[in-house]
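Residue-level listing of the chains:
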Amino acid sequence: MLLTLSTTHQPATDLGFLLMKHPDNIHTVDLAFGSATLFYPEANEARCTAALAVEVDPVELVRGKGGTPGIQDQYVNDRPYAASSLLAVAIGRSLGTAMSGRSKNRQELADLPLPFEVTVTPVRGSPDLVERLFAPLGYRVAAEQVVLDPAHPEWGASPYISLRLAGEMRLAELLTHLTVLIPVLDGAKHYYIGDDEVQKLLRRGDGWLEAHPERELILRRYLRFGLLVHAARASFDDQVVPKSVEVIASRDAAEQAVEKPIRLNDQRMGRVVETLQGLDAATVLDLGCGEGRLVRELLRHGQFRRIIGVEVAPRVLAGAADRLRLEEMPDLKRKRVELLQGSLVYRDDRLQGFDAAAVVEVIEHMDPERLPAFEAAVFGHARPGAVIVTTPNRDYNALFETLPAGTMRHPDHRFEWSRDEFRHWAERVAAAHGYELRIEGIGAEDAAHGCPTQMGVFTR
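Residues numbered from 1 in each chain as written. Predicted model: local features only at pLDDT ≥ 70, side-chain atom pairs only at ≥ 80, totals over all residues. Heavy atoms only, no water.

Trainee: Before we move on, can you summarise the pairing of strand β2 (residues 27-31) with the specific residues and values?
Mentor: Burial along β2 is one-sided: the face carrying His27, Val29 and Leu31 is buried and the face carrying Thr28 and Asp30 is not. Two strands pair when backbone bridges link them, and β2 and strand β3 (residues 34-43) are joined in this way by five bridges, in the antiparallel orientation. When the bridges of β3 are listed, histidine 27 appears paired with leucine 38. (Buried < 20%, exposed > 50% of the residue type's maximum accessible area, 1.4 Å probe, protein only. Helix = DSSP H or I, 4+ residues; strand = E, 2+ residues; numbered from the N terminus. Pairing = 2+ DSSP bridges.)

As structure tokens, this is what we get:
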């Protein structure tokens, strides 16, 4: 089986620093079932490719296994040579440091999303399944069915495909996705699956698997046994949403305490509703809906016929349902609203076809390197007729008496933009995705510092 990993980030040969493997050398690791060899078929400043070839000794694979069913059943078959949990083990052994996100000499690159192209061949699975697993994570996917014998096309296609992926992300994320999803595609493992597999999946799935639209499928195919699947599902649903999760949904008291004297949250909600009314929107997404405050405001206006609140954290979403009293709501009103679990950095077909989307005080809770995925998912894939984005104006922070100098309004904010920074970002996004832009302020305007909240209105 063969995995290739390419980048055009320049100088592309920095890939050697990220993988901790020098491009001039050949690196071989002995495995219990064979060996893994990493080498570089091309390495120049414009493009660099690392290849991981895994050679399996089918006799070693089954030695001492007795009559165990599954991939160890016999060694005269094609299963040991297709990408599977064997490849995942090889990645972990050969590229464990890179998968952890550490780089001795290029940590700044390890922390940044970079352009990558990946090929894996052969892979057991259908093109449809590959799309369902990898596309929500932001990959561009191509899967070509491998024919049984090119000389005999009448024999038809094999159960294997050649997989190609492309996208921008951190190297650690890419390797983690592969080690989880390649075994999921294969649907079997070459070793015993026990409780420790649940913990491994929780570690590797942290920050992306909890909101993946195919999470249930991934759990079932990765773990196979009902009790383990149940344990993993409960862990994902019940855990406190980690800091690595892209959107922190709950709006706790810290930010509101700073802004309360000017009732800024009330002003924001009123202005967003007013803007949506002016756009003649009838179907609206509230992306990062939190406790459901905007959803509640929208329900008061009959113009909004369909309102979808989207939130990454199941607990927060359940809290929103309670606060909105969905179970007690009259049928006609209840039909207008729906709450969905989902992440704003994954493409989600459920979010397509809406008149408008509101992203109210959300983006500042994202790590900056997640913003390109957010832009692609919302402006590129969901592509509503209009998008309203509000975020704090850092320039105005100097006027909050209770906010110490140099600090942000909320302890979980990953950044707060000045007016110039927000305009630069918004203009770039609008131009890239075919939207017109206007920027407005919310709250009383100060001559020197502007308004406390800045709002971008993108119209397609």
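This is not the end of the story, as more comes after the structure.
Trainee: Can you lay out the sheet that holds strand β1 (residues 2-7) for me, pointing to particular residues and giving the numbers?
Mentor: Strand order across the open sheet formed by seven strands is β2-β3-β4-β1-β5-β7-β6, with antiparallel pairing between neighbours. Two strands lie at the open edges of the sheet, namely β2 and β6 (140-147), each paired on one side alone. Direction aside, neighbouring strands of the sheet carry axes that sit 15° apart on average. (Axes fitted to C-alpha atoms, helices over the stretch in contact; angles between N-to-C directions.)

Trainee: Please give an account of the environment of arginine 409 that cites residues and values.
Mentor: Tracing the backbone shows arginine 409 in the loop between β12 (386-392) and α17 (419-433). As for arginine 409 and arginine 394, which are separated by 15 residues in sequence, their C-alpha atoms are 9.0 Å apart. Here the side chain of arginine 409 touches asparagine 393 through a polar contact of 2.9 Å, landing on its backbone oxygen. Only 2.8 Å separates the side chain of arginine 409 from the backbone oxygen of proline 452, close enough to count as a polar contact. (Polar contact = N/O pair within 3.5 Å; in protein donor to acceptor, adjacent residues only side chain to side chain.)

Trainee: Talk me through the pattern of salt bridges; I want residue IDs and the actual numbers.
Mentor: Applying the stated criterion across every chain, the model contains 22 salt bridges. Arginine 268 serves as the salt-bridge partner of glutamate 361, at 3.4 Å between the closest nitrogen and oxygen. Placement of the pair is glutamate 361 in the loop between β11 (356-360) and α16 (371-382) and arginine 268 in helix α12 (residues 264-278), with a sequence separation of 93 residues. A relative accessible area of 3% places glutamate 361 in the buried class. Take arginine 268: its relative accessible area is 3%, and that puts it in the buried class. What emerges from the salt-bridge pattern is a single network uniting Asp266, Arg293, Glu297 and Arg300. (Salt bridge = Lys/Arg side-chain N within 4 Å of Asp/Glu carboxyl O.)

Trainee: Explain the pairing of strand β5 (residues 114-124) residue by residue, including any values.
Mentor: For β1 and β5, the ladder comprises six bridges, and the chain directions are antiparallel. Following the sheet pairing, leucine 3 is matched in β5 by valine 120. One ladder, built from nine bridges, connects β5 with strand β7 (residues 157-169); its direction is antiparallel. Residue pairing for β7: threonine 119 is matched across the bridge by arginine 164.

Trainee: Before we move on, could you go through unusual backbone geometry and cite the residues and values that matter?
Mentor: Peptide bonds are mostly trans, and most non-glycine residues show a negative phi. Here glutamine 10 and proline 11 are connected by a cis peptide whose omega angle stands at -5°. Located in the positive-phi region is arginine 325, a residue other than glycine, with phi close to 55°. Tracing the backbone through its elements, the reader meets arginine 325 in the loop between α14 (314-324) and α15 (331-334). A positive phi is found at arginine 383, a non-glycine position, where the angle reads about 50°. Examined against the element boundaries, arginine 383 turns out to sit in the loop between α16 and β12.

Trainee: Any chance you could break down the confidence of the model for the protein for me, citing the residues and the numbers?
Mentor: Residues of the protein with pLDDT of at least 70 account for 86%, and the chain-wide mean is 86. Ranking the helices and strands of the protein by mean pLDDT puts strand β8 (residues 283-287) first, with 98, and helix α11 (residues 253-259) last, with 49. Low pLDDT, under 50, characterises residues 66-75; the predicted model gives this stretch 14 contacts beyond four residues in sequence or across chains. Contacts for the low-pLDDT stretch residues 239-254, under 50 throughout, to residues beyond four places or in other chains number 43 contacts. (pLDDT = per-residue confidence, 0-100. Contact = heavy atoms within 4.5 Å.)

Trainee: So what about helix α6 (residues 127-134)? Which residues, and what values?
Mentor: Taken residue by residue, α6 has Leu129, Val130, Leu133 and Phe134 as its buried positions. Buried residues in α6, looked at end-on, bunch into an arc of 110°, giving them a common side. Where α6 is buried, its residues contact β6, β7, α7 (171-186) and α9 (215-223). (Arc of directions from axis to C-beta.)

Trainee: Provide a residue-level description of the sheet that holds strand β10 (residues 337-341), including the pertinent values.
Mentor: Taking strand neighbours across the sheet as the criterion, the seven strands line up as β10-β9-β8-β11-β12-β14-β13 in an open arrangement whose pairing is mixed. Each edge of the open sheet carries a strand with a single partner, namely β10 and β13 (436-442). Each neighbouring strand pair of the sheet contributes to a mean axis angle of 20°, computed without reference to strand direction. Where β8 and β11 come together, three bridges link them in parallel fashion. Bridging from a neighbouring strand, aspartate 286 pairs with alanine 358 of β11. With respect to the sheet, α12 is in contact with β8, β11, β12, β13 and β14 (453-459), its orientation differing from that of β13 by roughly 150°. Across the face of the sheet, α17 comes into contact with β12, β13 and β14 while running at roughly 10° to β14.

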